[in-house]
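So you can see what is in the structure, the chains are spelled out below.
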Amino acid sequence: MLISRTAAEPRQTHSLLAAFVGAVFAVGVPGMAQAQKIDLTMGIIVSPGDAYSAMTASVPERVAKATNGRVSVTVSDSLVAPAQIASAVRDGRLPMSASLHTYLAADEPRMGIFNLPGLINNVEEYQKVRDAFWAKDVAKIWEEKWGAVVLAEGAWCPTRLFSKTPIRTVEDFKNKRLRVHNPQTAAQMNALGAKPTPMATTEIMPALERGVIDGVFISTCVGGAMEFWRLAKNVQDWGVGAITGWAILINKAEWEGMPADVRAQVQSAMDGLQKDAFGTYNAFVQSALDNMKKHSVEPWSASEQERAVVNDPKYAKAAYDSWLARAKEVGFDGPAYINQVRQALGKPTQ
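None of the values given here were measured: they were computed from a predicted structure.

Engineer: Got a sec to walk through the nonpolar core? Specific residues and values, please.
Structural biologist: Residues I113, I248 and M270 are the most contacted members of the largest nonpolar core, which totals 88 residues. Beyond its immediate stretch of four places on either side in the chain, I113 contacts L119, I120, W134, W323, Y337, I338 and V341.

Listed below in structure tokens is the structure:
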């Protein structure tokens, strides 16, 4: 009887285990859904050499580490066109993207506040404005207009003008066909007598080769890495459209569908990324400049007096007028917004 009872116990145990496993698959176990792996795809823009690329490339590792592998991010630069990288998140075509504010400035002028001539001149001023009010303000715009949550922000290396012939005076701008990447710079170039030409980054080198354009406004780091200086050896810092911000976004519904603990882990990873993006910014810029110098390219910077001439109201007014007109159409007080920026920077208001 002892042997018979002992032999029966394993059969009973197996039956109970089978019933438990069946129940698990039938109704699930509390907490099991939260442990399931989350796979995300993040669209990015081609920008070799810039902190943008280094930071976005680090997202998969940072997120995987923070979530202990529960969230996987795949980064791709070929899923959507650069101009659609934000709308793709809004429309649900991509769960994540690393978008440029500048690309949306024509639709939402507050996204292009740093493109106004002489207003925000470097990354330090950009950070001051961000910290004062702009980051929270724009995060609300991302959510309301693009259905996106901002996870982290950064800035591209400062914009420089790569040109075939030197552009060292106001007169040198006249009749030059220059690639621009935002409406405010386009308006300012028009006022200077240049011919602004919007163009995707991938089209720049062929356009320089064929003489379609005479020069290009672009990130110092991207222009250096893509070696535009081989055809446009004059690399000049006029402080025009100096800063271009970027933001790592996630679709709001996707974000809110994640368990709270996972959101906290991902946000912690993105906080670290943002800190690194600004902390390494100047090192990326210096590396780009040093590399160009190794190839006998000597970057040039306009003096404060020369920049003041380019930003004189007779050249800058067109950029401000177009921005203010669009602000009125969107429905916010443009002059007050500009004064808010000036106050954050300790500059006289107007």
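Engineer: Could you give me a rundown of unusual backbone geometry, with the residues and numbers involved?
Structural biologist: A positive phi angle, near 55°, is found at N68, a position not held by glycine. The topology assignment puts N68 in the loop between α3 (59-66) and β2 (71-76). For N68, a relative accessible area of 72% puts it in the exposed group. Positive phi outside glycine occurs at N175, with the angle close to 65°.

Engineer: Please give an account of empty space enclosed by the protein that cites residues and values.
Structural biologist: Under the criterion given, the structure shown has 2 cavities of 30 Å³ or more. Space inside the largest cavity adds up to approximately 90 Å³. Surrounding the largest cavity, L100, Y103, W156, T159, R179, H181, T201, I218, S219 and T244 form its lining. Looking at the lining of the largest cavity residue by residue, the class counts come to 4 nonpolar, 5 polar and 1 charged.

Engineer: Hey, could you go over helix α14 (residues 334-345) for me, with residue numbers and the actual values?
Structural biologist: The end-to-end C-alpha distance of α14, which contains 12 residues, comes to 17 Å, matching closely the 16 Å that a straight helix rising 1.5 Å per residue would cover. Within α14 the residues assigned to the buried category are G334, Y337, I338, N339, V341, R342 and L345. The inward-facing, buried residues of α14 abut α5 (123-146) and α13 (313-330). Taken from the residues just after α14, G346 is the one with a positive phi, measuring 70°.

Parameters at a glance
Residues numbered from 1 in each chain as written. Predicted model: local features only at pLDDT ≥ 70, side-chain atom pairs only at ≥ 80, totals over all residues. Heavy atoms only, no water. Core = buried A, V, L, I, M, F, W, Y, C linked by side-chain atoms within 4.5 Å. Buried < 20%, exposed > 50% of the residue type's maximum accessible area, 1.4 Å probe, protein only. Contact = heavy atoms within 4.5 Å. Helix = DSSP H or I, 4+ residues; strand = E, 2+ residues; numbered from the N terminus. 1 Å grid on protein atoms, 1.4 Å probe; cavity = no way out; pocket = protein on both sides within 12 Å on 5 of 7 lines; lining within 4 Å. Points joined across faces, edges and corners; volume = space filled by probe spheres on them. Nonpolar A, V, L, I, M, F, W, Y, C, P; charged D, E, K, R; others polar. Expected span 1.5 Å × (residues − 1).

Interpretation in functional terms is not warranted from these geometric data alone.
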